[in-house]
Amino acid sequence: MSEHAATTLPSGRRAIKAVIPAAGLATRFLPATKAVPKELLPVVDRPVLQYIVEEAAAAGITDVLLITGRGKTSMVDHFDRQPYLESRLEEKGDKERLAAVRKPSQLADIYTCRQHEPLGLGHAVGCAEAHVGDEPFAVLLGDEFVDLADPLLPAMLDLQARTGGIVLSFMEVAPEETKRYGIASVIDPEPEVADIGEVVRVTGLVEKPSQEDAPSNLAVLGRYVLPGAIFQAIKSTGPGSGGEIQLTDAMAMLLDQGTPVHGIVYRGTRYDTGMPLGYLQAVVQIASQREDLGEAFTSWLRNFVGTRT
Ligand code: UTP
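Okay, so let's go over this structure. (Residues numbered from 1 in each chain as written. Predicted model: local features only at pLDDT ≥ 70, side-chain atom pairs only at ≥ 80, totals over all residues. Heavy atoms only, no water.)

## Examining the layout of surface pockets
Right, so step 1: By volume, the largest pocket is sized at about 1000 Å³.
Right, so step 2: Of all the elements in the fold, those that place two or more residues in the lining of the largest pocket are α6 (121-126), β12 (218-226), α10 (247-256) and β14 (270-272).
Right, so step 3: Counting residues per element, the lining of the largest pocket draws most heavily on β12, which supplies 4 residues.
Right, so step 4: Grouping the amino acids of the lining of the largest pocket by side-chain chemistry returns 15 nonpolar, 11 polar and 12 charged.
Right, so step 5: Lining the second largest pocket are 21 residues, and of these Asp45, Arg46, Arg97, Ala100 and Val101 sit closest to its centre.
Right, so step 6: Put simply, the parts of the chain that give the lining of the second largest pocket at least two residues each are β3 (46-47), α2 (48-58), α4 (83-92) and α5 (95-106).
Right, so step 7: It is α5 that contributes the most residues to the lining of the second largest pocket, 7 residues altogether.
Right, so step 8: Tallied by class, residues from the lining of the second largest pocket come to 6 nonpolar, 3 polar and 12 charged. (1 Å grid on protein atoms, 1.4 Å probe; cavity = no way out; pocket = protein on both sides within 12 Å on 5 of 7 lines; lining within 4 Å. Points joined across faces, edges and corners; volume = space filled by probe spheres on them. Helix = DSSP H or I, 4+ residues; strand = E, 2+ residues; numbered from the N terminus. Nonpolar A, V, L, I, M, F, W, Y, C, P; charged D, E, K, R; others polar.)

In structure tokens:
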């Protein structure tokens, strides 16, 4: 049996490790992200990265590896204990804030690894090899998350445990948007529907195609469950779109070698905080849903919008 076949056999067990690549330059959010990592921008009162780790923890992930870069160490501090701050809150009897401050350190075991140069998402994922080994693992991009009421990752982890291959998730985008995403060609849905959307079999992947070249309007979301064989594929992948080592190209290589690739067409709410418009939409939607803020905020928002139209 080849090494490749051995690493993509279904294990029947869900992956328990996740990798969060967060070493990019975040150019779409400059100058805010010159000194502050975009992963730490607050959505109401929690940084984006906390929503992502909460999403992973809610799916049963217990081990999270953050891929960090220069100027990003504050991300790690967020998941550490803060004894001085905690004792001050304890003295004041502020139980609610104390619990909120402690929560990030209780979500999962957090590890870090440096990507010395931001050479692309594929390269960033490749940095996780020593930590992950040969086991399947999840990848959650550091600037997007989904609504916990419509969880996506558990269905992806289940599917990967059954297939042993690559599991992706998709959202449908407008034709003129395909150039911003990895786009998949798929065959008819498998005769099953995950709770959160239908399951499709992927036959091809292309990174950021023009509207004319796009094989579909199914854009790859920032959630992946990958077999350990991806690391070998990344090593064999040269620079692709934008001169970066693309995860899409490494996955396409495994697909060509016969690794099964499935995707779930996600119908829930996904927040993309990697650029100002998506970030603002996330803040407004989440603030509107908050029990403590929602009513006051939406009433103000209605008024505000009313005065603008
Ligand atoms: P993006 O495509 O959003 O790139 O990466 P970016 O550099 O963060 O942002 P822009 O496009 O310049 O505005 C998706 C995820 O992959 C990580 C990013 O941190 C982000 O979470 N990434 C990207 C890395 O960790 N390393 C890289 O070399 C590239």
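## What to know about unusual backbone geometry
What is expected of a backbone is that most residues other than glycine have negative phi and most peptide bonds are trans.
Right, so step 1: Cis geometry is adopted by the peptide bond preceding proline 31, which originates at leucine 30 and carries an omega value of 5 degrees.
Right, so step 2: Here proline 31 shows up in the loop between β1 (17-21) and β2 (42-43).
Right, so step 3: Here the phi dihedral of alanine 26 falls at roughly 55 degrees; this positive angle occurs in a residue that is not glycine.
Right, so step 4: Assignment of secondary structure puts alanine 26 in the loop between β1 and β2.
Right, so step 5: With a phi close to 65 degrees, valine 44 is a non-glycine residue in the positive phi region.
Right, so step 6: Residue valine 44 is classed as partly exposed on the basis of its relative accessible area of 28%. (Buried < 20%, exposed > 50% of the residue type's maximum accessible area, 1.4 Å probe, protein only.)

In short, shape yes, function no, at least from these values alone.
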